Amino acid sequence: QFFCLFSQQTLYDSAYLTLYNIFFTSLPILVYSLFEQLVHPHVLQTKPALYRDISRNSLLSFRTFLYWTLLGFCHAFIFFFGSYALIGEETSLMGNGQ
């Protein structure tokens, strides 16, 4: 709230924010989860021992989840404060106010 001068005014209409959340955050994850195949089905049929690793959820442990969460926070920190440092205190990109 400090960087937007404590304003409660939204920049975009709530319908646009909802559509953004659906199309750019939810749908890519859903599509990826539906079509991603780590191991080809033919390989799984020939090596049933691979099912044990998948069923134990060893590919997504708490440590892996924590790693990806911290990586996301680091990226958000870099992008926000990096753009803030590039623009500085000016609210316009050009000197004429645009």
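No experiment lies behind these values; they were computed from the predicted model shown. (Residues numbered from 1 in each chain as written. Predicted model: local features only at pLDDT ≥ 70, side-chain atom pairs only at ≥ 80, totals over all residues. Heavy atoms only, no water.)

Brief notes about the overall build of the protein
Scanning the protein from N- to C-terminus turns up four helices and zero strands. In sequence order, the secondary structure elements of the protein are arranged as α-α-α-α. Counting all 98 residues of the protein, 2% fall into the buried class. As displayed, the protein has an accessible area near 9500 Å², and 68% of this comes from carbon and sulfur atoms. (Helix = DSSP H or I, 4+ residues; strand = E, 2+ residues; numbered from the N terminus. Buried < 20%, exposed > 50% of the residue type's maximum accessible area, 1.4 Å probe, protein only. Areas by Shrake-Rupley, 256 points an atom, 1.4 Å probe, with all protein chains shown as cover.)

Focus: the confidence of the model for the protein
When pLDDT is averaged across the protein, the result is 78; 77% of the residues are at 70 or more. Confidence, expressed as mean pLDDT per element, reaches its minimum in the protein at helix H3 (residues 50-55) with 72 and its maximum at helix H4 (residues 62-87) with 90. (pLDDT = per-residue confidence, 0-100.)

Structural notes on the packing of aromatic side chains
Counted according to the given criterion, the structure contains six aromatic pairs. The interplanar angle of 40° and the centroid separation of 6.4 Å between the aromatic rings of Phe-62 and Phe-65 together place this pair among those described as tilted. Residue Phe-62 and its partner Phe-65 are located together in helix H4, separated by three residues, close to a single helical turn. Residue classification places Phe-62 among the exposed residues on the basis of a relative accessible area of 61%. Taking the centre distance of 4.9 Å and the plane angle of 85° together, the rings of Phe-80 and Phe-81 count as edge-to-face. Here the aromatic residues Phe-77, Phe-80, Phe-81 and Tyr-84 are joined through ring pairs into a cluster of three or more. (Phe/Tyr/Trp six-rings, centres within 6.5 Å; stacked < 30°, edge-to-face > 60°.)

Structural notes on helix H1 (residues 14-35)
Along its 22 residues, H1 runs 31 Å from first to last C-alpha, staying within 8% of the 32 Å computed at 1.5 Å per residue. Largest kink in H1: about 40°, centred on Ser-26, with the proline Pro-28 one to four residues after it. (Expected span 1.5 Å × (residues − 1). Bend = angle between axes of the 7 residues up to and from the residue.)

Some thoughts on the layout of surface pockets
A water-sized probe, rolled over the atoms, reveals where empty space remains. In this structure, the second largest pocket encloses a volume near 150 Å³. If you trace the second largest pocket, you find it lined by Ile-29, Tyr-32, Ser-33 and Glu-36. Taken together, the residues of the lining of the second largest pocket sort by class into two nonpolar, one polar and one charged. (1 Å grid on protein atoms, 1.4 Å probe; cavity = no way out; pocket = protein on both sides within 12 Å on 5 of 7 lines; lining within 4 Å. Points joined across faces, edges and corners; volume = space filled by probe spheres on them. Nonpolar A, V, L, I, M, F, W, Y, C, P; charged D, E, K, R; others polar.)

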